[in-house]
Amino acid sequence: MGKPMYRRAILIFIAFVWSAPVWAIGPETSVRPAERQIRVNNQTSRSQTDAGLANWIADFRTRALAQGIDGTTFDVALKGATYDPAIIKRDRNQAEFTKTIWDYLDTAVSDLRIANGRKSMGRWQDTLNRIEAAYGVEKEVIVAIWGLESAYGTFRGSAPVLNGLATLAYDARRAAFFEGELIHALRILQDGDTSPALMRGSWAGAMGHTQFMPSSFAAHAVDFDGDGKRNIWGEDPRDALASTGAYLKHFGWTAGQPWGVEVRLPADFDYTLADRGNTQLPSAWAKLGIVPVNGAFDDADGVASILLPGGAEGAAFMIFANFAVLEKYNTADAYVIGVGHLSDRINGGNGIQHSWPRHLRALSKPERIELQKRLTAAGFDTVKIDAKMGPLTINAVRNFQKAKGLVPDGFPSLSVLDRLRAL
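Keep in mind the model is a prediction, meaning the values are calculated, not measured. (Residues numbered from 1 in each chain as written. Predicted model: local features only at pLDDT ≥ 70, side-chain atom pairs only at ≥ 80, totals over all residues. Heavy atoms only, no water.)

Student: Please set out helix H2 (residues 71–78) residue by residue, giving values where relevant.
Tutor: Inspection of H2 places Gly71, Thr73, Phe74, Ala77 and Leu78 among the buried residues, and these make up the whole buried set. End-on, the buried residues of H2 take up no more than an arc of 165 degrees, which puts them together on one face. Among the exposed residues of H2, those pointing more than 90 degrees away from its buried face are Thr72 and Val76. Here the buried face of H2 lies against helix H1 (50–66), helix H8 (161–170) and helix H9 (175–190). Positioned one or two residues after H2, Gly80 has a phi angle of 80 degrees, which is positive. (Buried < 20%, exposed > 50% of the residue type's maximum accessible area, 1.4 Å probe, protein only. Helix = DSSP H or I, 4+ residues; strand = E, 2+ residues; numbered from the N terminus. Arc of directions from axis to C-beta. Contact = heavy atoms within 4.5 Å.)

This is the structure in structure tokens:
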């Protein structure tokens, strides 16, 4: 949804030490993190020429028509398509840089973004109330996604989506994924929801106020304003906001349940318990000495796990099932925390109370790969060497820390890498 279904799948950058790359972002631009794209590694590009793209389009036409795309729609949509090497360069390099979660949140949940979110929620209050009633998703959550994806509609993307998708589908690395997205984009045109000229968005195909990929649009977009079109591209955000509500509802959003709450851990906390697979009722966590920073726990919210996005030195969160629903929009933990915390702040909640270990820096992509290789070589198998600091790598880091008598918070820091280098 937003970038939904990149995997709906994916797109652009951010930030978690282990989750993803980053945007060079200003105070109110989109801060969408790493796109969730299907990756095919170690493939070479086809001949990178306009003529090569034209030949590919001619071959693709047969496949598109076989999937129900009208010939006229196809010809109008891809007439004059040109190969864009800048898109391929961005696709190749999108994971080169990282931000720490605290640097990411400084921008994602800035005072300006909070203030603009409150203004936007006030301006569209009636619409948002109706969307909340229709889909059971709190309006501040939808507004927060809108804020991170397009800065409340002010940065919806200006790249021609069709040309970008054609370039990426023609390129060999992820051809099947982007060809599928291009088919969905052509079907959007065929259904009359928009025109080729208005179908604009990010370089990798995410579109509109809340940055839907074409496949996400196909599955979840709605005509909320009743004009006969599912228009997520124009100035009016109603269809896009409602489509985001429909998306989250589809993936199991529970009304009234928090995404997560900041908690304080006891001095003797067993950090091996901070595992996404270890879920308990809040009352059970409370018996271990964990207390909420604000308010009180409620077992009616369901089971939860403990998340340490900045390691043992950073803020701790108790996260609930809605956290996993937001991950369907973007899998990066930093993005989910950004959406959740921004929604809380828009709704009048407090800022994160615990300090962050700002003396630490994020590992670069080469360092993340080195970390995985050294962990695996030392007997702590990360399973994949992909620079992604996901659960498998976090568990490997935790096991290494336990073996060396370190605090087993699973945080992939430079100090952990240095300890591995010293072996």
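Still more to cover.
Student: So what's going on with the packing of aromatic side chains? Which residues, and what values?
Tutor: Under the counting rule described, the total for this entry stands at 15 aromatic pairs. Judged by centre distance (4.8 Å) and plane angle (15 degrees), the ring pair of Trp56 and Phe60 falls under stacked. Of the two residues, Trp56 and Phe60 both sit in helix H1, four residues apart, roughly one turn of that helix. In terms of burial, Trp56 and Phe60 fall into one category: buried. A ring pair is formed by Phe380 and Phe400, whose centres lie 5.6 Å apart and whose planes are at 80 degrees; its orientation type is edge-to-face. (Phe/Tyr/Trp six-rings, centres within 6.5 Å; stacked < 30°, edge-to-face > 60°.)

Student: Tell me about the packing of H8 against H9, and name the residues and values.
Tutor: The description of two packed helices rests on the angle between their axes and on the distance between the axes. Closest axis-to-axis distance for the H8/H9 pair is 8 Å, and the angle between their directions is 150 degrees. Here H8 lies roughly antiparallel to H9, going by the angle between them. Handedness of the crossing formed by H8 with H9: left-handed. From H8, Leu162, Leu165, Ala166, Leu168 and Ala169 reach across to H9, where they touch Ala175, Phe178, Glu179, Glu181, Leu182, Ala185, Leu186 and Leu189. (Axes fitted to C-alpha atoms, helices over the stretch in contact; angles between N-to-C directions. Parallel < 35°, antiparallel > 145°, perpendicular 65-115°, else oblique. Left-handed = near helix turned anticlockwise from the far one by under 90°.)

Student: Requested: an account of the packing of helix H5 (residues 111–123) against helix H14 (residues 333–346), with residues and values cited.
Tutor: Their axes nearest at 9 Å, the elements H5 and H14 cross at an angle of 65 degrees. The handedness of the crossing between H5 and H14 comes out as right-handed. Listed contacts from H14 to Arg113, Ile114, Gly117, Arg118 and Met121 of H5 are Leu342, Arg345 and Ile346. Of the residues in the contact of H5 with H14, the class split is four nonpolar, one polar and three charged. (Nonpolar A, V, L, I, M, F, W, Y, C, P; charged D, E, K, R; others polar.)

Student: Residues and numbers for the layout of surface pockets, please.
Tutor: Counted as a void, the second largest pocket has a volume near 620 Å³. For the second largest pocket, the lining is made up of 28 residues, of which Pro258, Trp259, Gly260, Val261 and Asp344 are closest to its centre. Class assignment for the residues of the lining of the second largest pocket results in eleven nonpolar, eleven polar and six charged. (1 Å grid on protein atoms, 1.4 Å probe; cavity = no way out; pocket = protein on both sides within 12 Å on 5 of 7 lines; lining within 4 Å. Points joined across faces, edges and corners; volume = space filled by probe spheres on them.)

Nothing here speaks to function; it is all geometry.
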